[in-house]
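# Breakdown of the fold
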Amino acid sequence: MTGMSTLSPIYLHTSIKMNIVRTLGNRNSIRLETIKTPTDEAVATGAKIQIVFSGHERYRIGLRELDLYPGQFLMLPRGISYNRTILSISPVKSFCLNIDGSFLKDIKNTLRQNEIYLSDRSLWDVTNGGFDLPITIYQLQGDFEHNILNLKRDLESGVLDESSINSHLFQCLCSFFNIYKKEILYKTENLKFLNNGTKVEIMKRLLRAKDYILSNYNTRITLESIAHEACLSVNHLLRTFHQVFNTTPHQFLLQVRLERARYLLTNFDYPVSEVAAIVGFEGVGSFIRAFKMSEEVTPGKFRTNIRDAIRNPK
């Protein structure tokens, strides 16, 4: 399981280009920004959701490095210290929601009353008025994506009052916890261990393995390096990774590379050979074969089809 990268970090020493910030009376806040600042150190004062719409940024949290690309987001618990670095040539357009603990607790109570959130606290407990959330990379999807884009649109239009913003935030958080159930709670339950504490610990390690692949997909990574990151043996990694994600680490790596390739082909004019190198394939031939097996068309044809669809919508 190898690959190669032709990218290196490029730091642009210019400040924020566009910045919309709203701080509310209940201590919630939202920030929409387009930024080129190379580094930013902070402590999450509330539960923090950081979403990337364009560009590439890296979060250093303790010894971990988590890279965010368009369509991905982090949920950071209150009190977490982190270092944020911009790695892309183009500015990063991001959206940050900072949620106060009491607001999060109200959402928790509402979800439990409506049986939207699992009431069993034996797997992932509730602490400090919030959720004991694992720090991991999520994909922007479903109702959460829809609600986030609606909030972003209304924020940019300037029509939102404080009550409307809080209503948006409530909907966003409720839809986030549906992702949390699907991606964390249910997957934890799929692990074949009797002890719940063991399930949670192994799940945390598997999330580190998944995030390591997401953050290093375009570099030379091996099963051994993934297992080392997760503090698991290779055999233990292979068995439990499949239980949780229903695929092997190698297949997951290939899916990540192809998904990133689809994004680049859709949004940029890089030659196919350069796309292959950027996403970590050793040769353009292997990239074209893998892409065609996944999409049933070549990368070049895929790009042509996408652009034809944009020019001639039905």
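Everything discussed here concerns the structure shown above.
The text that follows walks through the structure, step by step, so that each part is easy to find. (Residues numbered from 1 in each chain as written. Predicted model: local features only at pLDDT ≥ 70, side-chain atom pairs only at ≥ 80, totals over all residues. Heavy atoms only, no water.)

### Details of the overall build of the chain
Within the chain, the regular secondary structure consists of ten helices and twelve strands. The long-range fraction of contacts in the chain, counting pairs at least 24 apart against all pairs at least 6 apart in sequence, stands at 71%. For the chain, the exposed area adds up to about 15,200 Å²; of that, 50% sits on carbon and sulfur atoms. (Helix = DSSP H or I, 4+ residues; strand = E, 2+ residues; numbered from the N terminus. Contact = heavy atoms within 4.5 Å. Areas by Shrake-Rupley, 256 points an atom, 1.4 Å probe, with all protein chains shown as cover.)

### Digging into unusual backbone geometry
One non-glycine residue, Arg27, adopts positive backbone phi at about 75°. In this fold, Arg27 is placed in the loop between β1 (18-23) and β2 (29-35). Residue Arg27 is classed as exposed on the basis of its relative accessible area of 58%. With a phi close to 70°, Glu296 is a non-glycine residue in the positive phi region. Tracing the backbone shows Glu296 in the loop between α9 (284-295) and α10 (299-311). (Buried < 20%, exposed > 50% of the residue type's maximum accessible area, 1.4 Å probe, protein only.)

### A closer look at the pairing of β2
For β2, a buried count of six out of seven residues is recorded, marking the element as mostly surrounded by other parts of the structure. Alignment of β2 against strand β9 (residues 92-99), held across seven bridges, turns out to be antiparallel. Paired with Thr34 across the strands is Lys93, a residue of β9. (Pairing = 2+ DSSP bridges.)

### Observations concerning the pairing of strand β5 (residues 57-61)
Both faces of the sheet carry side chains from a regular strand, because those side chains alternate between them. Only one face of β5 is covered, namely the one carrying Glu57, Tyr59 and Ile61; the face carrying Arg58 and Arg60 has none of its residues buried. Pairing of β5 with strand β6 (residues 64-68) involves five bridges; the strand directions are antiparallel. The residue bridging Arg58 from the neighbouring strand is Asp67, located in β6. Of the strand pairs in this sheet, β5 and strand β8 (residues 81-86) are connected by four bridges, and their pairing is antiparallel. From the neighbouring strand, Tyr59 faces β8, where its bridge partner is Arg84.

### Concerning helix α7 (residues 249-267)
With 19 residues, α7 extends 27 Å between its outermost C-alpha atoms, agreeing within 8% with the 27 Å of an ideal straight helix rising 1.5 Å per residue. Within α7, the full set of buried residues consists of Pro249, Phe252, Leu253, Val256, Arg257, Leu258, Arg260, Ala261, Arg262, Leu264 and Leu265. (Expected span 1.5 Å × (residues − 1).)

### Side note on the pattern of salt bridges
Scanning the model with the defined rule gives 21 salt bridges in all. Close ionic contact of Glu65 with Arg60 constitutes a salt bridge, the shortest N to O distance being 2.4 Å. Linking Glu229 and Arg208 is a salt bridge whose minimum nitrogen-to-oxygen distance equals 3.5 Å. With Glu229 in helix α5 (residues 223-230) and Arg208 in helix α4 (residues 196-216), this pair connects stretches of sequence that are 21 residues apart. The exposure class assigned to Glu229 is partly exposed, which follows from its relative accessible area of 23%. By relative accessible area, Arg208 is classed as partly exposed at 30%. One salt-bridge network, held together by shared partners, links Arg31, Glu33, Glu57 and Arg84. (Salt bridge = Lys/Arg side-chain N within 4 Å of Asp/Glu carboxyl O.)

### Quick word on the environment of Leu258
Relative to the assigned elements, Leu258 resides in helix α7. In this structure, the C-alpha to C-alpha distance between Leu258 and Glu295, residues 37 residues apart in sequence, is 9.4 Å.

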